[in-house]
Amino acid sequence: IGSDKDVYWPSLDVTGRTVLYTCLDKGNEDIWSYRDGAGIPLNFNTTEGNEGTQSLTADGQMMYFTGCERPDSRGSCDIYVAYRLSDTSWSEPVNLGAPVNTDGWEAQPAVSADGTRLYFASTREGGRGGSDIWFSYLLRREADGRQLWSQPRCLYFNTGGDEMAPFLYFDNKTLFFASDGYAGMGRKDIYKVDVEQVTPPLNIGITVNTQRDEFGFMVDASGQWGYFSSDISGKRCIYRYRLGEEVACPP
């Protein structure tokens, strides 16, 4: 994705042909769609607030994202869902409401392939310090698009530092996230855990992690290609690479 602006937080639709990403322009974040060599901003972006850090269900019909300073926000940033209307348009976003959103900061959602599990970053009370990653599961989806989620719980690998930018692979158990709370390569590194086995976090290594910030990691449906964001060049850019055996996910 060629751009003179900061671009980060890549996500792919199920075909792998459309890349969604967050673009920072003059202090304002918007979500863009890139396909067939062209990028376009999504129709629900606002000029006053920020929209970004999007996550799609496998069928591409629901997008979860962070919205900040929107008229119906509960806190500084909240998590929203929008429903696909066509290849290029989305419904008016719906605030997920309580108990996912609080009067604090909730952001960076990662939804499971089937849309029933949600991981996200938050500075809400009850965490371990800084930003933590929380988990909630879907209880009910209403006809008007509103959703009810379970009371979120703080995950075991959180530290007193910042854990953020979760991504759940299609197997519903392999979770990648960024953290500066472990002895890593630099500031924020990418780690991998098996949430079913409660494994200790694995630093995915120097192919991705540098002395700068790496975050927004994701794996495509093949389980062989990783996409991530880094500011190693001086501005935030999106990178793609082939995963090594110790990181690759089952197809």
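On a predicted model such as this, the values are computed, not experimentally measured, just so you know.

(A) Inspection of the nonpolar core at higher detail. Among the nonpolar cores identified, the biggest contains 20 residues, and F167, F176, I190, I204, F217, V219 and Y241 are the most heavily contacted of them. Those elements that place two or more of their residues in this core are β1 (6-12), β14 (163-168), β15 (174-179), β18 (214-219) and β19 (225-230). Grouped together as the second largest cluster of nonpolar side chains are 14 residues, V100, V111, W134 and W149 included.

(B) Seen up close, unusual backbone geometry. Note the cis peptide between A98 and P99, where omega equals 5 degrees. Assignment of secondary structure puts P99 in the loop between β8 (94-95) and β9 (106-111). Unlike most non-glycine residues, W9 shows phi in positive territory, near 60 degrees. The backbone of N172 sits at a positive phi, close to 65 degrees, despite the residue not being glycine. Tracing the backbone through its elements, the reader meets N172 in the loop between β14 and β15.

(C) The arrangement of the sheet that holds strand β5 (residues 50-56) in detail. As summarised here, the arrangement of the four strands in space is β5-β6-β7-β8, forming an open sheet in which the pairing is antiparallel. Both edges of this open sheet fall to β5 and β8, since each of them pairs with a single strand only. Relative to strand β7 (residues 77-83), strand β6 (residues 62-68) runs antiparallel, the two sharing seven bridges. Its bridge partner being in β7, M63 is matched across the sheet by A82.

Rules used throughout
- Residues numbered from 1 in each chain as written.
- Predicted model: local features only at pLDDT ≥ 70, side-chain atom pairs only at ≥ 80, totals over all residues.
- Heavy atoms only, no water.
- Core = buried A, V, L, I, M, F, W, Y, C linked by side-chain atoms within 4.5 Å.
- Buried < 20%, exposed > 50% of the residue type's maximum accessible area, 1.4 Å probe, protein only.
- Helix = DSSP H or I, 4+ residues; strand = E, 2+ residues; numbered from the N terminus.
- Pairing = 2+ DSSP bridges.

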